[in-house]
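Structural description and commentary
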Amino acid sequence: MKRVGVALVLGLLTTACSTPATPAALSSSFAEVFAGLYVAQQAHLGRTDVTAGTLHPRSLCRRTGPASQGPGEDWVCAVQYVDADSTVTQSFDMQVKPDGCWRADGAAASQPAVLADPVSGQTSVNQLAEFDGCLNTSWR
Amino acid sequence: MSVVRAELFKLVEQSRVRVLVIVCLLGPLLVAFVLDRQSGLPKDTLFGRHVHESGYALPLVILGFAGTWGFPLLTSLVAGDIFSSEDGHGTWPALLSRSRTRAQVFTGKVLASALVAAGLLAVTAMTSLLAGLVLSGSTPLVGLSGTELAPGRAAVLVAASWATALAPLLGFTALACLLSVVSRSSVIGVAGPVVLGLVMQLLALLGGLGDAANVLLTTPFGSWHGLVREHPFYGPLGQGVLVSVVWGAICLAVARWVLLHRDIT
Amino acid sequence: MSGVVGRGLSKLYGAVQALDEVDLDVPPGTVHGLLGPNGAGKSTLLRMMLGLVRPDQGTLEVGGVVAGFVEVPGAYPYLTGRQNLEFLARLDDAPGDVSTVLEQVDLAPRADTKVSGWSLGMRQRLAIAGALLRAPDILLLDEPANGLDVLAARALRELVAGLATEGLTVILSSHDLAEVDALCEDATVLVSGRVAWTGSIGALRARPGRHRMSTSDDARAFRLAPSALDVQMADGALLLHGDTAGVDAYVLALGREQIAVRSLRPASLALEDAFLELTR
């Protein structure tokens, strides 16, 4: 009984130290959502030639504070993608919540809140101005 | 199960249960009405920014809200009172001198509480979806993978997301039953699960728990996050069900033992 | 057979000995009174018969279906009287007819109103109806006349007496002697968890050791009373309380003092006196 208890406590302590919010996990989650939103946005603007395949999104996330992982408001994600043969790099301020979901703020990446359709002139909400995603929080 | 039917017969006559049904029916419509009247968006909640774009966002917003404190209260209002009210009304002698054994009465009361909880969950899910569709119509939903989900798929995923709340909800039903049996007090039976739910959320919110937060009974309320995506991940859902089952089994085993062995004074 | 036989029943609640080696014999078809002051263990004994409380020691044989109420006549206030009974009937394999038992306890006219507005007396009768619905062999009633006015108490007495003639075994717990006197053939007196006395009501009134005596000179006889014997002057006679040998010695002593004993017979006490003496 005692050994089982000790093993349980040790197990809990080790899992307590591990967190789903690692730079690698956040980078891939962010890149996926960014690509999805970017392709949808361009499609709304009439550009159907942009796909996740042509975009080649790559992203790198890191915490700017003393901690290197876990929930916090001091995450930054840089994303690099290819559009019309030019490579673009943008940086988003990130907030990672304890439940594993995150929020990206596009202000630093100069994403406008509203987009105007160049043909019709109609305005729509820019989904890239602020967007959410969630990490897989299950035990790995 | 005659005990289940008898308990349900009793429950539907309680004004508290009737009010609960009305709140579950009208609450989501009221939220839709308020959102329709104001320009601000509940951006702090997942899908909050999309409530005016897609009718499938509102039910997910309500699901997110309900997971924080609504669900524990939803079930504890019934389950937290179902045993202790017999103490309060002095009805154990009459109830336990019928043809049914104590164990049958226990099982019947637990099943009745679970049925009511599941029923209320289904009602709230349906009216939330209805409220969303009335507010913003059946348009594609931007999922948590950034891609748009077609209305048909979105509807299925919304229903599935609400269904994931069933396991932790029933876990809280078991917890409420346990508190109701042990404390013999409806105040503790009803408020206890809500307070414990808030404490668990606070623990998770303070962080530092990391993966250990997955053993909390409130964490599975977020397992739907993995579903509303182009390529769903099911890990949190499976773990959530497992965690809920373990919580439920422990609570019910203890509650049953206490009820069967206790002197009813 | 549907009586109740208890042997050496003991129950400890924390530091309180609720029951201490209690023996109980209730033959089938009788109306048995459980007497005793509050806290004597009557309700604990009834709870044991209903299977709500387990004895720490001893055995309890209950021959047949038991139903009744203990301490409070429980009911669901948000249901009507009829719904309360319908709920209980759903839990019985072969329940009686709800309307019939409502008639039996004279609640039919108010049966479809919510119990929350009912008086204690009506709740008592509803609880009895709930027990009758179970078609019990043994009916337990705990202080059933509590909170009843004179008329309602009499109606209840008539109901219980009627049930007893139908062959039901009734165990009636009460601190009200008049009620027990009116309904019960036998009684058990509990004091502080122990059986202080058990037997027929008649025997309880005429307990041995009490004599009523008149002499040619009561005043002198009273002065000559020995210390071993409790002698009191009461309405033109002497009341003696003590064992037979003491009474004999007293009578002989009076003879030696030239005092004639004109009559000496066992005294039948008022039930209340007998009860007070037991529970003192």
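Keep in mind that what you see is a predicted model, and the values were worked out from it rather than measured. Numbers given to residues run from 1 along each chain, matching the order in which its sequence is written. Each chain gets a letter, beginning with A, and each ligand a number, beginning with 1, in the order they are written. Per-residue local features of the predicted model are confined to residues with pLDDT of at least 70, and side-chain atom pairs are confined, for both listing and counting, to 80 or more; whole-chain, interface and lining totals are unaffected and use all residues. Excluded from the side-chain calculations are hydrogens and water; all other atoms, namely the structure's heavy atoms, are used.

Considerations on the interface of chain B and chain A
Heads up, the condition is: Any two residues whose heavy atoms approach within 4.5 Å are treated as being in contact. The buried area of a pairing is the accessible area, by a 1.4 Å probe, that goes missing from both parts when the two are put together, added over both. A pairing counts as a salt bridge when a side-chain nitrogen of Lys or Arg comes within 4 Å of a carboxyl oxygen of Asp or Glu. Polar contacts, as used here, are pairs of N or O atoms within 3.5 Å; protein pairs need one atom able to donate a hydrogen and one able to accept it. Residues neighboring in sequence count only if both atoms are side-chain atoms.
The interface of chain B with chain A comprises 28 residues on the first partner and 29 residues on the second. Here chain B meets chain A over a buried area of about 2,400 Å², counting both sides, of which 51% is carbon and sulfur. Taken together, chain B and chain A are joined by five salt bridges. Residues A:Glu32 and B:Arg229 are paired through a salt bridge, measuring 2.6 Å at the closest nitrogen-oxygen approach. For the pair chain B and chain A, the number of links is nine residue pairs in polar contact (both at pLDDT 80 or more).

A closer look at the sheet that holds strand β12 (residues 237–241) of chain C
Whether parallel or antiparallel, the strands of a sheet pair through hydrogen bonds between backbone atoms. Residues and elements named next belong to chain C. As a reminder, the rule being used: Two strands pair under a simple rule: DSSP has to find at least two bridges between them. Numbering of helices and strands runs from the N terminus, with a helix taken as a DSSP run of H or I at least four residues long and a strand as a DSSP run of E at least two residues long. In this analysis, axes come from line fits to C-alpha atoms, helices being fitted only over the stretch in contact, and the angle between any two N-to-C directions falls in the range 0 to 180 degrees.
Pairing within the open sheet is antiparallel, and its four strands lie in the order β11-β12-β10-β13. Here the strands that pair on one side only, and so sit at the sheet edges, are β11 (230–234) and β13 (261–266). Adjacent strand axes in the sheet meet at a mean angle of 25 degrees when their direction is disregarded. Where strand β10 (residues 210–215) meets β13, five bridges bridge the pair, whose relative direction is antiparallel. Bridge pairing in β13 places Ser-214 opposite Ser-263. Of the strands in this sheet, β10, β11, β12 and β13 are in contact with helix α9 (residues 244–256), which crosses β10 at around 5 degrees.

Focus on unusual backbone geometry
Although it is not a glycine, A:His56 adopts a positive phi angle of roughly 45 degrees. By secondary structure assignment, the location of A:His56 is in the loop between α3 (52–55) and β1 (58–63). Backbone geometry at C:Glu21 places phi at a positive 55 degrees, although glycine is not the residue there. Position of C:Glu21 among the secondary structure elements: in strand β2 (residues 16–26).

Some thoughts on the domain arrangement of chain C
The cut-off we apply is this: Domain segmentation is taken from an automatic or database assignment of domains.
By domain assignment, chain C separates into domain 1 (4–204) and domain 2 (207–279). For domain 1 of chain C and domain 2 of chain C, the distance between their C-alpha centroids amounts to 40 Å.

A short note on empty space enclosed by the protein
Convention followed: Grid points spaced at 1 Å and placed over the protein atoms alone form the basis of the search, with a cavity being a set where a 1.4 Å probe fits but cannot get out and a pocket an open set showing protein on both sides within 12 Å along at least five of seven lines. Lining residues have an atom within 4 Å of a point. Grid points are joined across faces, edges and corners, and a volume is the space filled by probe spheres set on the points. Three residue categories are used. Nonpolar comprises Ala, Val, Leu, Ile, Met, Phe, Trp, Tyr, Cys and Pro, charged comprises Asp, Glu, Lys and Arg, and polar comprises the others, including Gly.
Within the structure shown, the criterion is met by three cavities of 30 Å³ or more. Of the pockets and cavities examined, the largest cavity occupies roughly 150 Å³. Together, 18 residues line the largest cavity, and B:Ala94, C:Gly74, C:Leu88, C:Ala127 and C:Gly130 are the ones closest to its centre. Elements that contribute at least two residues to the lining of the largest cavity include exactly α5 (92–96) of chain B together with β5 (66–69), α2 (81–90) and α4 (120–133) of chain C. For the lining of the largest cavity, the per-class residue count stands at 11 nonpolar, six polar and one charged. Lining the second largest cavity are 13 residues, with A:Phe131, A:Asp132, B:His50, B:Val142 and B:Gly143 sitting closest to its centre. If you list the elements that add at least two residues to the lining of the second largest cavity, you get α2 (23–44) and β7 (130–134) of chain A. Here the lining of the second largest cavity gets three residues from one element, more than from any other, and that element is β7(A). Here the residues of the lining of the second largest cavity are counted per class, giving six nonpolar, four polar and three charged.

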